[in-house]
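If you want the building blocks of each chain, they are given just below.
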Amino acid sequence: MSTSPKILLVCLGNICRSPMAEGLLRDLAERRGLSITTDSAGTSRNHIGEAPDPRAQAEMRQQGFDIGDLRARQFVSADYERFDLLLAMDGSNLRDMLRLAPSAHLATKARLMLDWSTAMAGSDVPDPWYGGAEGFTHVFRLLEDAINNLLDELEEGR
Ligand code: 4NP
């Protein structure tokens, strides 16, 4: 991977899981002094232009992260050229992303976020949309663990 990797976080709506992941990745990388480029996107077009869900913003704020500046956009095929790593929050997102891959080679950039999880490798980050605040806390914990492991890997490869 390049010295300043470009990483895209992807979920369905781009208003809950992937903006939480983006906020964590950008702030935790900065705290470590790691230079990376981050963005997030949704496979659906339902929430384009929206700020993160208030429940996602509240969970992040409680944990010391501000994601109020982020706005939803839709995942596009060109993202395979623009980013080094495309991280899907769940298997359904990953399948939708793979359908848009311009080539088999570029498709290898798309992976599951929890492939970096300590204890949940290969699992989905559960969609917190229909549940309560505790679902967002669970998402935060899963993401914080996986993103710290990913940052460890990036630091080792630097
Ligand atoms: P996200 O959550 O994919 O983590 O942003 C969702 C947001 C909206 C919907 C579903 C999931 N929705 O059905 O509108």
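Once a new chain begins, its residue numbering starts again from 1 and follows that chain's sequence as written. Per-residue local features of the predicted model are confined to residues with pLDDT of at least 70, and side-chain atom pairs are confined, for both listing and counting, to 80 or more; whole-chain, interface and lining totals are unaffected and use all residues. Excluding hydrogens and water, the side-chain values take into account all heavy atoms of the structure.

Q: Please give an account of the pairing of strand β3 (residues 85–88) that cites residues and values.
A: For each residue, the accessible area found with a 1.4 Å probe, counting protein chains only, is set against the maximum for its type, and the residue is called buried under 20%, exposed over 50%, and partly exposed in between. Put simply, DSSP H or I for four residues or longer makes a helix, DSSP E for two residues or longer makes a strand, and each gets a number counted from the N terminus. Burial along β3 is two-sided: Leu85 and Leu87 facing one way and Leu86 and Ala88 facing the other are all buried. Two elements, β3 and strand β4 (residues 110–112), share three bridges in a ladder whose sense is parallel. Residue pairing across strands places Leu87 opposite Arg111, the latter belonging to β4. Strands qualify as paired when DSSP identifies two bridges or more between them.

Q: Give me the packing of aromatic side chains: which residues, what numbers.
A: Between the rings of Phe, Tyr and Trp (Trp by its six-membered ring), a pair exists once the centres lie within 6.5 Å; its type follows the angle of the planes, with under 30 degrees stacked, over 60 edge-to-face, and the other angles tilted. Under the defined criterion, the tally for this structure stands at three aromatic pairs. Pairing Phe65 with Phe140 gives two aromatic rings, centres 5.9 Å apart and planes at 50 degrees, and the pair type is tilted. Taken as a pair, Phe65 in the loop between α2 (54–62) and α3 (79–82) and Phe140 in helix α6 (residues 133–156) lie far apart in primary sequence, 75 residues in all. The burial state of Phe65 is the same as that of Phe140; both residues are buried.

Q: Just give me the short version of the packing of helix α1 (residues 17–32) against α2, but keep the residues and values in it.
A: Axis angles are defined between N-to-C directions and span 0 to 180 degrees, where every axis is a line fitted to C-alpha atoms and, for a helix, only to the segment in contact. Relative orientation of the contacting elements α1 and α2 amounts to 25 degrees, with a least axis distance of 10 Å. Between α1 and α2, the angle falls in the class roughly parallel. Once α1 is placed against α2, the crossing between them reads as right-handed. Of the residues in α2, those in contact with Met20, Gly23 and Leu24 of α1 are Ala56, Glu59 and Met60. Put simply, angles under 35 degrees are roughly parallel, angles over 145 are roughly antiparallel, angles from 65 to 115 are roughly perpendicular, and the rest are oblique. Two helices crossing with the near one rotated counterclockwise from the far one by less than a right angle form a left-handed crossing, whereas a clockwise rotation gives a right-handed crossing. Contacts are assigned to residue pairs with any non-hydrogen atoms lying within 4.5 Å of each other.

Q: Run through the site of the ligand, naming residues and quoting values.
A: In the region of the ligand, the neighbouring residues are Cys11, Leu12, Gly13, Asn14, Ile15, Cys16, Arg17, His47, Asp127, Trp129 and Tyr130. By the criterion applied in these results, polar contacts are pairs of N or O atoms within 3.5 Å in which, for protein atoms, one can donate a hydrogen and the other can accept it, and in which residues neighboring in sequence qualify only through two side-chain atoms. A distance of 2.8 Å is found between an oxygen atom of the ligand and a backbone nitrogen or oxygen belonging to Gly13. At 2.8 Å from an oxygen atom of the ligand is found a side-chain nitrogen or oxygen belonging to Arg17. Taking 350 Å² as the accessible area of the ligand by itself, protein coverage stands at 89%. Here the ligand occupies the second largest pocket. In the scheme used here, Gly and all other residues not listed as nonpolar or charged are polar, with Ala, Val, Leu, Ile, Met, Phe, Trp, Tyr, Cys and Pro taken as nonpolar and Asp, Glu, Lys and Arg as charged. In terms of residue class, the shell around the ligand is made up of six nonpolar, three polar and two charged. Here a residue counts as near a molecule or strand whenever at least one of its heavy atoms sits within 4 Å of it. To be clear on the numbers: accessible area is Shrake-Rupley with a 1.4 Å probe, and residue cover counts the displayed protein chains and nothing else. In this analysis, the protein atoms alone were mapped onto a 1 Å grid. Cavities are point sets where a 1.4 Å probe fits without being able to get out; pockets are open sets with protein on both sides within 12 Å along at least five of seven lines; lining residues have an atom within 4 Å of a point. Those molecules having more than half of their atoms within 2 Å of a cavity or pocket grid point set are described as sitting in that cavity or pocket.

Q: So what about the pattern of salt bridges? Which residues, and what values?
A: When the charged atoms of two side chains lie near each other, side chains of opposite charge can form a pair. Any Lys or Arg side-chain nitrogen located within 4 Å of an Asp or Glu carboxyl oxygen qualifies as a salt bridge. One pass over the structure, following the stated rule, counts 11 salt bridges. Notably, a salt bridge pairs Arg55 with Asp53, separated by 2.9 Å at the nearest N-O pair. A relative accessible area of 8% places Asp53 in the buried class. Residues joined by salt bridges that share partners form a network here, namely Asp39, Arg73, Asp79 and Arg82.

Q: Lay out the nonpolar core in plain terms, naming residues and giving numbers.
A: Grouped together as the largest cluster of nonpolar side chains are 36 residues, with contacts concentrated most on Met20, Met113, Leu143, Ile147, Leu150 and Leu151. Sorting the residues of this core by element identifies β1 (6–11), α1, α2, β3 and α6 as the ones contributing at least two each. Considering each element in turn, this core owes the most residues, 10 residues, to α6. Those residues in contact with Met113, other than ones at most four positions away along the chain, are Leu9, Leu87, Ala88, Met89, Leu143, Ala146, Ile147 and Leu150. Here, nonpolar core refers to any group of buried Ala, Val, Leu, Ile, Met, Phe, Trp, Tyr and Cys residues whose side-chain atoms link them within 4.5 Å. Among the nonpolar cores identified, the runner-up in size contains 13 residues, and Leu8, Val10, Tyr80 and Leu106 belong to it.

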